[in-house]
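# Survey of secondary and tertiary structure
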Amino acid sequence: MQSMKLQHGMERELCLSVCVIQLWMESATRKLQGDTRAASLLQLKGEGGGLVVLLHDAASRETRKRSSERPAHRGDRGIIIMSAIRKQLSFQILLLFISCRNINTKTLGATAPPLDPTAPLQKLERSYVLKGDSHTEKVELLNPVSLVLMCTWTGSQNKPTNITGFWSKDGKEIENSRVTVQLENKQYNLKRTFSIASEADLGSYSCDFGGEAKINFVLAVPQMGDERDKPIVSYLGDSVVVPCKLDDSKPTPNTWNWYRANETGKEQIIAGQKFSIKNDEKKTKLVIHDLTADDSGLYYCGAVYGVGITMGRVELKVISFFEPLKPFIAILVEVIILVAAILLYEKSRSKKDYTAAGHLGKITDQRRALR
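As the structure is a computational prediction, the values presented were derived from the model and not from experiment.

### Comments concerning the overall build of the protein chain
Within the protein chain one finds 4 helices and 17 strands. When the 371 residues of the protein chain are sorted by exposure, 26% land in the buried category. Here the analysis covers contacts within the protein chain between residues at least 6 apart in sequence; of these, 62% occur between residues at least 24 apart. Accessible area for the protein chain stands at about 26,000 Å²; split by element, carbon and sulfur atoms hold 55% of it.

Structure, rendered in C-alpha cells:
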C-alpha cells in the first residue's frame, strides 16, 4: 500500500510539471510584451489529491502597466489579445486539470487474495497377480483420483533374471514408460501412478511384461446396465414419459442429463415448455409434450459422476392413431377381396350350370319329338 501511494505521488508531480511547462511555452510563443509571471501551482489536499491552480493578480497588474505606456490604439489591441489569450489559457488549464486529476486520483481496488491451491487428488490403489498370460480387470471410478496400478506376474517356467516392462493406454504405448523389471521372489512387479482427473483420462491401461503377459485395467464410471431393446411408441399430439435408471447396486450419480441424437452427435436437452425432466437419485424421466413426427429418434440419459458420464439409450417412435389400424385394415381388405372372389366364382358357376341345364332340356325335348 505504501508503494502504491508513493507511485501516485510521483505521477501527480510529473503531471504538475507538464502543466507548468506547457503554460510557460504558451506564454512565450504568443510574444506578449512584458513578463507574464506564471502563477504559483499545486496544492495537493488529502490522499486523493487535487490540482489547484492559482493565478496571481501580479501578472495582470504588470500587463496593464505595460499596456498603459503604449499608445491608446495599440493598448486597446493588446488588451483584446490578452483577454482572448487568457480565455484560451484558462480553457487549456482546465483540460490539464481534468486530465491530471483522472490520472492521479484513481484509487486502485484491493488486490484479490491468491486462490487456495487445488486440493490433491485422493489416492487409490488397484493391483492384480497374474499367473497366466493375460487378464482384464474392471475399475469403477466416481471422482478424480491419483490411481496407483500394481501388476505382479509370476512369470514363465524359465524365468529370466530381468525383462522389459512398459505401460500402454488404449493400445498405445505410454512414452518413457519402459523399464527393466527384475525377478524378485520368483515374480515380476510393475507399478505406476496415473492422474485420473477427467473423462479423457478414462480408458484401458495395460502393463506389459516383455510381450509375454499383459494385465488390462479398464477404468470407467459405473455403467448403465442393459439397454432397452424395443422402442417406446406414442401418438401424435400426446405426451410421453421416457424412463431411465441405474441398477440398485450402482452408486447414486451427482445429477442427470438428457441428450437427443442429431446429425452431428448429441445435443443436450434443456427443460422448458417442450421437455420436462424429473430426477430421483438413481432414476430419471424425460417428459416430452405435444409430440410430433420430428420427435422420433434416439434419446440418451446421462448419469453424471465427478470423473465422467455414463450413458443409456432409448428409442422413441411417434405414430398417428391410424398406424395401429393399418394391419387390421389390410386384413379386412383381404377378407373383402376373398369374399368378393368367392361370390363371383359362385355366380359364374351358377350361370354355367343354368346354361348347361337349359341346353340339356332342349335336347330332351327334341328326342321326345322324334319318338
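### Brief notes about a positive patch on the surface
On the surface, K245, K278, K283 and K285 cluster together into a patch of positive charge. Residue position: K283 is located in strand β15 (residues 283-288).

### As for the nonpolar core
One finds I196, F209, L219 and I288 to be the most contacted residues of the largest nonpolar core, which totals 46 residues. Per-element accounting of this core gives the leading share, 5 residues, to strand β3 (residues 145-153). Dropping the residues within four chain positions of it, F209 is found in contact with C151, T152, W153, I163, T164, Y188, N189, L190 and I215.

### A look at the packing of aromatic side chains
Each aromatic ring pair is characterised by the separation of its centres together with the angle its planes make. Going through the model one piece at a time under the given rule, you end up with 4 aromatic pairs. Between F194 and Y205 the ring centres are 4.7 Å apart and the planes differ by 55 degrees, which places this aromatic pair in the tilted class. Residue F194 is located in strand β7 (residues 188-196), and its partner Y205 is located in strand β8 (residues 203-209); the two are separated by 11 residues in the primary sequence. Residue classification places F194 among the buried residues on the basis of a relative accessible area of 8%. Given a relative accessible area of 4%, Y205 falls into the buried group.

### Observations concerning the sheet that holds strand β14 (residues 275-280)
If you trace the 3 strands from one edge of the open sheet to the other, you get β11-β15-β14, paired in antiparallel fashion. At either margin of the open sheet sits one strand with a lone partner, and together these are β11 (240-245) and β14. Neighbour-to-neighbour, the strand axes of this sheet turn through a mean angle of 15 degrees, independent of strand direction. Pairing analysis gives 6 bridges linking β11 to β15, with the strands arranged antiparallel. If you follow V242 over to β15, its bridge partner there is L286.

### Description of the environment of K230
Mapped onto the fold, K230 is located in the loop between β9 (213-220) and β10 (232-235). Along the backbone, K230 and V314 are 84 residues apart, and their C-alpha atoms lie at a distance of 8.5 Å.

### Focus: the state of the cysteines
All chains considered together, the criterion is met by 2 disulfides. Between C151 and C207 runs a disulfide, and the two sulfur atoms are separated by 2.0 Å. Because the torsion about its S-S bond is -100 degrees, the bridge between C151 and C207 counts as left-handed. Of this pair, C151 sits in strand β3 while C207 sits in strand β8, and the two are 56 residues apart along the sequence. Taken individually, C151 and C207 each receive the classification buried, so the pair is uniform in this respect. Sulfur-sulfur distance for the disulfide between C244 and C301 comes to 1.8 Å. Residue C244 is found in strand β11, and its partner C301 is found in strand β16 (residues 297-304); the two are separated by 57 residues along the sequence. Side by side, C244 and C301 carry an identical accessibility label, which is buried.

### Some points on the UniProt feature "transmembrane region" (unreviewed entry) in the protein chain
The UniProt entry lists residues 327-345 under the feature "transmembrane region" (unreviewed entry), expressed in the numbering used here. From the first C-alpha to the last, residues 327-345 spans 27 Å; its make-up is 100% helix and 0% strand.

### Concerning the sheet that holds β16
Overall, mixed pairing links the 5 strands, which are arranged β10-β17-β16-β12-β13 in an open sheet. On the outer flanks of this sheet lie β10 and β13 (266-268), each paired with one strand and no other. Adjacent strand axes in the sheet meet at a mean angle of 35 degrees when their direction is disregarded.

### A short note on the side chain of S168
Here S168 is to be found in strand β4 (residues 162-169). For S168, a relative accessible area of 7% translates into the label buried. Among all residues touching S168, those that are not within four sequence positions of it are E173, I174, S204, Y205 and S206.

### Structural notes on a nonpolar patch on the surface
Where nonpolar side chains cluster on the molecular surface, the patch consists of I331, V335, V339 and L343 and spans about 350 Å² of accessible area. Mapping I331 onto the fold places it in helix α4 (residues 326-370).

Conventions we followed
- Residues numbered from 1 in each chain as written.
- Predicted model: local features only at pLDDT ≥ 70, side-chain atom pairs only at ≥ 80, totals over all residues.
- Heavy atoms only, no water.
- Helix = DSSP H or I, 4+ residues; strand = E, 2+ residues; numbered from the N terminus.
- Buried < 20%, exposed > 50% of the residue type's maximum accessible area, 1.4 Å probe, protein only.
- Contact = heavy atoms within 4.5 Å.
- Areas by Shrake-Rupley, 256 points an atom, 1.4 Å probe, with all protein chains shown as cover.
- Patch = residues over 30% accessible without salt bridge, like charges linked within 9 Å, V, L, I, M, F, W, Y side chains within 5 Å.
- Salt bridge = Lys/Arg side-chain N within 4 Å of Asp/Glu carboxyl O.
- Lys, Arg positive; Asp, Glu negative; His and termini not counted.
- Charge placed at Lys NZ, Arg CZ, Asp CG, Glu CD.
- Core = buried A, V, L, I, M, F, W, Y, C linked by side-chain atoms within 4.5 Å.
- Phe/Tyr/Trp six-rings, centres within 6.5 Å; stacked < 30°, edge-to-face > 60°.
- Pairing = 2+ DSSP bridges.
- Axes fitted to C-alpha atoms, helices over the stretch in contact; angles between N-to-C directions.
- Disulfide = S-S within 2.5 Å.
- UniProt positions renumbered as here; feature names shortened; annotations may be inferred.

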